[in-house]
Each structure stands twice: as structure tokens, then as C-alpha cells.
Amino acid sequence: MRHSVRDLATAGVRALQPYQPGKPLSELEREYGIRDAIKLASNENPLGPSPLGIEAARRALADLALYPDSHGFELKNALSAALGVRADQLVLGNGSNEVLQLVTRAFLSPGDEAVVAQHAFAIFTTEAVSAGGTVVSVPARDWGADLPAMRDAVGERTRLVFVANPNNPTGTWHRAAHLHAFLGSLPAHVVVVLDEAYCEYVSEPDYPDGLAWLAEFPNLLVSRTFSKIYGLAGLRLGYGVASADMADLLNRLREPFTVNSLALVAGEAALADHEHVRRSRDFNLQGLAALGAACQQLGLDYIPSVGNFIAVDVGRLAGPVYEALLRRGIIVRPLAPYGMPRHLRITIGTPAQMERLLSALPQALAG
Ligand SMILES: Cc1ncc(COP(=O)(O)O)c(C=O)c1O
């Protein structure tokens, strides 16, 4: 009997849903014959990469014949100094996505459970399912993760709990006291992944720095990225911070050269580019306020966000509005795959990009 190659894959891989990334600009321009399209679909930094990061990457081009430093010694030292953690608490990744994958592979065996919130970042589920785990999705409350309900969903078989603070695609976030109480309530056999991909954008006084809790919770891993405020999504660089024991486990599992030499030096330079970070944060705060106000004017509900994006309820199935925006050369992200069929997620762009979006949106909503 002939087997389909699909039958030969592990159960976890067969159960996977493909990730749907934001449509690349080149694809839209090819498909629709459009020029000058804009992308507000992947929560990238509209100001671009840190200029210092670009310069560092340019200088490193001449050495591309050499393998990168597999341990990322200098970047780890820079992160250690900037974050106030020891270098042996760090694990670097090809994007923070790789860190999420490593922690899942390290702690989730087939049949184990991972607890996630409804509307949580999709990759949590992808990683857990591909490791053969069972995902327990806990209904959200006001679009955000319901931490007490997630605690109640933790059982004997739970090995991982994922929380994004703030979460993508909802932009919702947890106050320090709530999150701390949640971490303290979890049994010792559970590893918590606290995804802080957007933390640098948040300026709420009550927003916690997960790194401050690492000494108290040895089962905590905090993941962060250079893809968002640092503007280096194309280079793929992220990191995890945890107890030295957990970081050691993940570093053993990690393949040697997943972080390339341009990412290592650009990341180090971008980390020190405080001016670029400050500008990006200020721009974003203005953009969030402007988009929120525009939604109100258009009579559209939206989920208040502390990230660099807003999930907007377009008042009906969002697919046709998404398509209408595409035809006008604007890519946003439809959230049906997140169980939010009426929402579009819009990344905060430059003022010019936002103006273009806001002038196209009323027509797109009209059909
Ligand atoms: C919440 C969250 N975590 C992690 C990531 C992964 O980002 P990267 O792999 O580029 O670091 C993203 C990307 O959009 C995200 O939104």
C-alpha cells in the first residue's frame, strides 16, 4: 500500500495550521499591479532600523565568509550590561520565535499540555502542537488573557504556560500586581513563557519588567526581540532571559549558528541607540492616539493597545474591508485566524502612511 508522505509525519506536524504572515509588499504589487503600496501588517518599525545598526551590519559584510560567533559573546555582554542580568542567563535566537521554539522543545513532551489564552500570539500554539503537545486555550476576558482562569486550567499534565505582555494581536496587557500573583500561584512543575516582544513601547506606570522576577521564579523565561522597536525584523534576532539553569538547557538545544553575524553586530549597535528607541516610542504613542481618535470618528470600536498596532472592529466581517484596502495599496492584517473575524490589526505607521490609511478606510468600509 502506498502511503502519502503526510501519513509519515509526526502527529504534531500533521496537526499544524500554516502560519499566515502579513502579505509582503512585493506580493501585493505583483498581484494587483500596484506601485507604492504600504504595509501596516506585521508590526514592524515604520522608522526603519537603527542607523547605528545599519552601519554596524555594513561594516560586518566583509567578514561574511566566516561563521558567526555561535555563543554571541559580545552581544550577550552588551545585553547583560543593558538589562542587568548575567550573560549565562541569556539565550539568543533567530528571532524570539526561535526562543519560543526552544523552550517548547525543552519542556513539552508529546501528550503534555500547554496553556494559552484565546486570541494569544499564534506561534505559542504552533510550537506546542508541533512538539506533540495539547493546547488548552482559555477564553479571554475583555479580549485579554484571563489569568485566574488560566491558573485554573493548569493541571497535572501542564508543562508550559504562555503569556504575552502585551499580547499580539490584541494589544492588551497585564499590570504588575496581577501578573506577579499569577506567577506566584503556579505549581513548580510548570514553566512560564512571558513574551515581551513589545515591552519597549509600553509606558504605562504599572507595566511590569518581567526580568525583575527571574530570581524569584526559576521556571520563568522572558522572551524579547530586535524585530519591533529596534527595527531589525529582517535580520531575525531575539533573545530569552531565564535562570542560568534554564538558559543552559536551551543553549544546549540550540543549533550552533542560527543567529547570523550581521544580526549579532547590528543588534549590539541598535541596543545602544537610545535615540532611535526613544524616537520610535514617541512616534508610536502619537500614532496610537491618532489611530484611536480616527476610529472613534469613524464610529469603529477598537481594543485599547499598548503595542505598535491596534485591532479595530470594522463592524462586519473584515475580509472584504481587508481586500478593499489591498486594492488601494494598503496591507493590514485580518484577524479571522485569531478567532476575531470582524477585526483588522493595523500597525502604527509613519504619519504619511497613517494619513493614507485613514483616507482610504472610509471608502473601504463602504465596500
Ligand atoms: C507577541 C510576539 N512574540 C514574538 C514575536 C516573534 O517575533 P520575532 O521572531 O521576529 O522576534 C512576535 C512577532 O510578531 C510577536 O508579536
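The structure this text deals with has already been given above.
Conventions and cut-offs
Residues numbered from 1 in each chain as written. Predicted model: local features only at pLDDT ≥ 70, side-chain atom pairs only at ≥ 80, totals over all residues. Heavy atoms only, no water. Helix = DSSP H or I, 4+ residues; strand = E, 2+ residues; numbered from the N terminus. Rg over C-alpha atoms; globule rule 2.2 N^0.38 Å. Buried < 20%, exposed > 50% of the residue type's maximum accessible area, 1.4 Å probe, protein only. Contact = heavy atoms within 4.5 Å. Areas by Shrake-Rupley, 256 points an atom, 1.4 Å probe, with all protein chains shown as cover. Lys, Arg positive; Asp, Glu negative; His and termini not counted. Charge placed at Lys NZ, Arg CZ, Asp CG, Glu CD. Near = heavy atom within 4 Å. Polar contact = N/O pair within 3.5 Å; in protein donor to acceptor, adjacent residues only side chain to side chain. Nonpolar A, V, L, I, M, F, W, Y, C, P; charged D, E, K, R; others polar. Pairing = 2+ DSSP bridges. Axes fitted to C-alpha atoms, helices over the stretch in contact; angles between N-to-C directions. Parallel < 35°, antiparallel > 145°, perpendicular 65-115°, else oblique.

**Some points on the overall build of the protein**
Here's step 1: Looking only at helices and strands, the protein has 14 helices and 13 strands in total.
Here's step 2: Against the 2.2 N^0.38 benchmark of 21 Å for 367 residues, the protein shows a C-alpha radius of gyration of 21 Å, consistent with a compact globule.
Here's step 3: Projecting the C-alpha coordinates of the protein onto the three principal axes gives extents of approximately 60 × 55 × 50 Å.
Here's step 4: Within the protein, the fraction of its 367 residues that count as buried is 51%.
Here's step 5: In the protein, 74% of the contacts between residues at least 6 apart in sequence involve partners at least 24 apart.
Here's step 6: Summing over all exposed atoms, the protein offers an accessible surface of approximately 16,700 Å²; the carbon and sulfur share of this is 53%.
Here's step 7: Charged side chains in the protein number 32 positive and 37 negative. The centres of these two groups are separated by 6 Å.

**Focus on the site of the ligand**
Here's step 1: The local shell around the ligand consists of Gly 95, Ser 96, Asn 97, Phe 121, Asn 168, Asp 195, Ala 197, Tyr 198, Thr 225, Ser 227, Lys 228 and Arg 236.
Here's step 2: Measuring from an oxygen atom of the ligand, one finds a side-chain N or O atom of Asn 168 at 2.7 Å.
Here's step 3: For the shell around the ligand, the class distribution of residues is three nonpolar, six polar and three charged.

**Focus on unusual backbone geometry**
Most peptide bonds take the trans form, and the phi angle of most residues other than glycine is negative.
Here's step 1: The amide bond that connects Asn 165 to the next residue, Pro 166, takes the cis arrangement and shows omega of -5°.
Here's step 2: Mapped onto the fold, Pro 166 is located in the loop between strand 5 (158-164) and helix 9 (176-185).
Here's step 3: At the junction of Asn 168 and Pro 169, the peptide bond is cis and its omega measures out at 20° in the coordinates.
Here's step 4: When you line up the elements, Pro 169 lands in the loop between strand 5 and helix 9.
Here's step 5: The backbone of Asp 142 sits at a positive phi, close to 50°, despite the residue not being glycine.
Here's step 6: With respect to the element layout, Asp 142 can be found in the loop between strand 4 (134-138) and helix 8 (147-153).
Here's step 7: For Asp 142, a relative accessible area of 70% translates into the label exposed.

**Some points on the sheet that holds strand 5**
Here's step 1: With respect to topology, seven strands assemble into an open sheet ordered 2-8-7-6-5-3-4, the strand pairing being mixed. Strand pairing shows two members of the sheet lacking a second neighbour, strand 2 (90-93) and strand 4, which therefore form its edges. Across the sheet, the axes of successive neighbouring strands diverge by a mean angle of 20°, strand direction being ignored.

**Comments concerning the packing of helix 6 (residues 96-107) against helix 10 (residues 244-253)**
Here's step 1: Interaxial distance between helix 6 and helix 10 falls to 9 Å at its minimum, and their mutual angle equals 100°. The angle between helix 6 and helix 10 falls in the class roughly perpendicular. Facing helix 6, whose interface residues are Leu 102, Val 103, Arg 105, Ala 106 and Phe 107, helix 10 presents Met 246, Leu 249, Leu 250 and Leu 253.
Here's step 2: Looking at the contact of helix 6 with helix 10 residue by residue, the class counts come to eight nonpolar, no polar and one charged.

**Details of the sheet that holds strand 9 (residues 301-302)**
Here's step 1: Pairing in this open sheet of four strands is antiparallel, and the strands run 9-10-13-12 from one edge to the other. What marks the edges here is a single partner per strand, and that holds for strand 9 and strand 12 (333-334).
Here's step 2: Relative to strand 13 (residues 343-347), strand 10 (residues 309-313) runs antiparallel, the two being bridged by five bridges. In the sheet register, Val 312 faces strand 13, and the bridge partner there is Leu 344.
Here's step 3: Along the sheet, helix 12 (residues 274-298) contacts strand 9, strand 10 and strand 13; its crossing angle with strand 10, the most-contacted strand, is approximately 10°.

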